[in-house]
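# Summary of structural features
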Amino acid sequence: MARISGIDLPRNKQIGIALTYIRGLGRTSAAKICETAGIAPDTKTDVLADGEVVRLREIIEREYKVEGDLRRETTQNIKMLMDIGCYRGLRHRRGLPVRGQRTHTNARTRKGPAKTVAGRKSATTKK
Amino acid sequence: MSRSLKKGPYVAPSLQKKVTRSIESGSKQVIRTWSRRSMITPEFVGMTFHVHNGKLFVPVFVTENMVGHRFGEFSPTRKFTGHVGGKRIRTT
């Protein structure tokens, strides 16, 4: 069982894919890690020797920010934006899209489920 | 290296002049500016600016974290006072 950065890697996937189960690693970084570790990215996780797992773990710890650390960094960055009172921070505070998207319609990911406004006639047919 | 990095930060000449003068004289006078597109450089840290938002001047005290942002980001141009009949959320 290969356990890296607090995540159990799926057993019967190729390591190049299995590494992407770690938050912060995608296909590209996974491939790079395999290359530096000298492991073929199409080896199944099950087949890896203990030494190889250790090597992978070391590389990830040394060169990548993953999982909790990454999450912390992201929230810190958002908090910094809110603290300095810049436009992006204000948008984060109000839970609206940050990058200039329209809010007349859509933007439901940021705004959450639609709240119907009382007293508005046929709001559904209007738009 | 992106092209914008190669070109270096932009600070409006008029604003730069005011800043250098203020640093030389050491005065704590607030600097008024319309140049919302100017980037905040490290030498601005600790100064207060009045940044125009199209209607009035919004006081912006520059801290270290603000370096690299632009003045306009700190001086909102829109004012949302809530929807008719909706819950009154006060904003400035």
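Source: prediction; values computed, not measured.

Calculation rules
- Residues numbered from 1 in each chain as written.
- Chains lettered and ligands numbered in written order.
- Predicted model: local features only at pLDDT ≥ 70, side-chain atom pairs only at ≥ 80, totals over all residues.
- Heavy atoms only, no water.
- Axes fitted to C-alpha atoms, helices over the stretch in contact; angles between N-to-C directions.
- Helix = DSSP H or I, 4+ residues; strand = E, 2+ residues; numbered from the N terminus.
- Parallel < 35°, antiparallel > 145°, perpendicular 65-115°, else oblique.
- Left-handed = near helix turned anticlockwise from the far one by under 90°.
- Contact = heavy atoms within 4.5 Å.
- Nonpolar A, V, L, I, M, F, W, Y, C, P; charged D, E, K, R; others polar.
- Pairing = 2+ DSSP bridges.
- Buried area = accessible area lost by both parts, 1.4 Å probe.
- Salt bridge = Lys/Arg side-chain N within 4 Å of Asp/Glu carboxyl O.
- Polar contact = N/O pair within 3.5 Å; in protein donor to acceptor, adjacent residues only side chain to side chain.
- Buried < 20%, exposed > 50% of the residue type's maximum accessible area, 1.4 Å probe, protein only.

### Digging into the packing of helix α2 (residues 27-37) of chain A against helix α3 (residues 50-63) of chain A
If you want to describe how two helices pack, look at the angle between their axes and the distance between the axes. Residue and element names in this part refer to chain A. The contact between α2 and α3 brings their axes to 10 Å, and the two run at 120 degrees. With respect to their mutual orientation, α2 and α3 come out oblique. Note on packing geometry: the crossing formed by α2 with α3 is right-handed. For the pair formed by α2 and α3, the contact residues are I33, T36 and A37 on the first element and R55, L56, I59 and I60 on the second. Residues belonging to the contact of α2 with α3 are distributed by class as follows: five nonpolar, one polar and one charged.

### Here's the deal with the sheet that holds strand β3 (residues 57-61) of chain B
All names here are of chain B. Spatial strand order, β1-β2-β3: three strands in an open sheet with mixed pairing. Both edges of this open sheet fall to β1 (31-33) and β3, since each of them pairs with a single strand only. Going from strand to strand, the sheet's axes swing by 25 degrees on average, the running direction of each strand aside. Where helix α2 (residues 13-25) meets the sheet, its contacts fall on β1 and β2 (48-52), and the angle it forms with β1 comes to roughly 180 degrees.

### Concerning the interface of chain B and chain A
If you look at the interface, chain B gives 10 residues, while chain A gives eight residues. In total, about 710 Å² of surface goes out of reach between chain B and chain A, with carbon and sulfur atoms giving 65% of it. Put simply, chain B and chain A have zero salt bridges between them. Counting every contact that joins chain B to chain A gives one residue pair in polar contact (both at pLDDT 80 or more). Taken together, the residues of the side of chain B that touches chain A break down into five nonpolar, four polar and one charged.

### Focus on the pattern of salt bridges
Residues and elements named next belong to chain A. Counted according to the given criterion, the structure contains six salt bridges over all chains. Linking D69 and R72 is a salt bridge whose minimum nitrogen-to-oxygen distance equals 3.1 Å. Separated by three residues within a single helix, D69 and R72 lie in helix α4 (residues 67-83), roughly one turn from each other. In this structure D69 comes out as partly exposed when scored by relative accessible area, which is 40%. By relative accessible area, R72 is classed as partly exposed at 47%.

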